[in-house]
Protein chains: 2
Amino acid sequence: MPELTETEKAYFMQEALKEAEKSLAKEEIPIGCVIVKDGQIIGRGHNAREALGQAIMHAEIMAIQEANQTVGNWRLLEATLFVTIEPCVMCSGAIGLARIPQVIYGAPNQKFGAAGSLYDILTDERLNHRVQVEKGVLQEDCAAIMQTFFRLGREKKKAARRLAREADEKSNLQ
Amino acid sequence: MPELTETEKAYFMQEALKEAEKSLAKEEIPIGCVIVKDGQIIGRGHNAREALGQAIMHAEIMAIQEANQTVGNWRLLEATLFVTIEPCVMCSGAIGLARIPQVIYGAPNQKFGAAGSLYDILTDERLNHRVQVEKGVLQEDCAAIMQTFFRLGREKKKAARRLAREADEKSNLQ
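Trainee: Describe helix α1 (residues 6-25) of chain B, with residues and values.
Mentor: Residues and elements named next belong to chain B. Here α1 spans 29 Å end to end across 20 residues, near enough to the 28 Å set by a 1.5 Å rise per residue. All of the buried residues along α1 are Lys-9, Phe-12, Met-13, Glu-15, Ala-16, Leu-17, Glu-19, Ala-20 and Ser-23. Among the structural elements, β1 (32-37), β2 (40-46), β3 (80-85), β4 (102-107), β5 (132-135) and α5 (139-173) are those in contact with the buried residues of α1. Two residues or fewer after α1 comes Glu-27, characterised by a positive phi angle close to 60°.

Structure follows, in structure tokens:
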């Protein structure tokens with residue numbers, strides 16, 4: 001199991017947050033991920049479902065694909081996956097399939113999280129791979145970028161409604 | 001919800017079996033998948049984890065990626081996913097994320113199945129998407145190709161052990 005200092009954990013979660021920023025810039029749900037092995041980032045990913053039109057394109061999946069490419073193997077032994085938000089069912093399944101031994105996430109996902117919230121896929125004794133899970137690293141920053149995304153979404157909807165109303169009023173005057 | 005006749009179900013499961021044959025030819029666990037919409041196959045996939053060195057490259061994931069490309073959208077509304085073996089946790093999560101309304105599978109997977117065996121991801125009331133699941137279409141054929149794979153694997157191991165023993169005996173004689 002990779003042993004990381006608190007500073008290293010914060011550093012790599014910061015890198016995952018940089019990935020989440022890429023999603024935010026594309027108006028996607030801002031979740032970012034990096035996979036680390038021997039102190040090096042071997043895979044990076046950010047949620048890009050809308051931009052790529054691909055249902056599976058979550059941050060973790062993109063990072064696992066890149067890491068598999070980097071090491072030339074589907075097994076990511078001795079790697080640590082950092083992700084800003086608790087992984088969903090699909091991503092938790094993918095983490096197990098890639099044999100990643102350690103996951104560190106920022107903020108929980110009460111609605112869809114499968115690493116403790118809704119399911120406990122990563123530590124299920126019945127599966128053939130179990131993962132050490134740590135949560136809460138830079139939790140506030142990881143949650144804050146999500147809140148920014150949802151606030152921007154609400155403001156955008158509000159502005160669209162105002163524009164529609166103004167256009168409506170204008171056409172009534174004519 | 002797409003309505004399919006028993007003949008249509010058998011026809012498309014046969015197509016999924018053709019995909020599984022592709023895995024078998026590559027010495028991969030032989031699982032195949034097709035995704036059908038309006039009577040047309042919009043995505044095909046077969047397990048290619050070893051050949052591609054990608055942990056996520058299960059039959060369902062490959063088929064979902066292709067179907068997303070075909071329709072130009074991450075949502076696969078009104079589609080039916082046919083897969084020879086019960087989907088795992090990752091693939092069940094992916095099916096929900098792609099909003100596929102119907103899954104038909106051949107044989108159950110007691111060890112890793114997440115569509116009824118180990119988990120019931122597809123019908124979980126807590127998730128925001130529920131899937132209609134039917135099992136047992138061409139079940140014997142879908143199970144038989146898996147048994148062929150595992151038998152071939154055992155025979156190969158046996159042959160390798162015999163060759164090693166013969167080489168050992170030969171070097172002892174010299």
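Following the structure, the description resumes.
Trainee: For the environment of A:Leu118, give the residues involved together with the corresponding values.
Mentor: Note that A:Leu118 resides in the loop between β4 (102-107) and β5 (132-135). Judged by its relative accessible area of 14%, A:Leu118 falls in the buried class. Beyond its immediate stretch of four places on either side in the chain, A:Leu118 contacts A:Gln110, A:Lys111, A:Phe112, A:Gly113, B:Arg126 and B:Leu127.

Trainee: Tell me about the side chain of B:Gln54, residues and numbers included.
Mentor: Residue position: B:Gln54 is located in the loop between α2 (49-52) and α3 (59-71). In this structure the side chain of B:Gln54 is engaged in a polar contact, spanning 3.2 Å, whose partner is the backbone oxygen of A:Gln65.

Trainee: Please provide a residue-by-residue account of the sheet that holds β5(B), values included.
Mentor: All names here are of chain B. Spatially, β2-β1-β3-β4-β5 is the arrangement adopted by the five strands of the open sheet, whose pairing is mixed. Bordering the open sheet on either side are β2 and β5, each of which pairs with just one other strand. On average, each strand axis in the sheet is tilted by 15° relative to the strand beside it, whichever way the strands run. Along the sheet face, α5 touches β3 and β4 and points at about 60° away from the line of β4.

Trainee: Let's hear about the confidence of the model for chain A: which residues, and what values?
Mentor: Across chain A, the average pLDDT comes to 96, with 100% of residues at or above 70. Among the scores for the predicted complex, ipTM is 0.93 and pTM is 0.93.

Calculation criteria
- Residues numbered from 1 in each chain as written.
- Chains lettered and ligands numbered in written order.
- Predicted model: local features only at pLDDT ≥ 70, side-chain atom pairs only at ≥ 80, totals over all residues.
- Heavy atoms only, no water.
- Helix = DSSP H or I, 4+ residues; strand = E, 2+ residues; numbered from the N terminus.
- Expected span 1.5 Å × (residues − 1).
- Buried < 20%, exposed > 50% of the residue type's maximum accessible area, 1.4 Å probe, protein only.
- Contact = heavy atoms within 4.5 Å.
- Polar contact = N/O pair within 3.5 Å; in protein donor to acceptor, adjacent residues only side chain to side chain.
- Pairing = 2+ DSSP bridges.
- Axes fitted to C-alpha atoms, helices over the stretch in contact; angles between N-to-C directions.
- pLDDT = per-residue confidence, 0-100.

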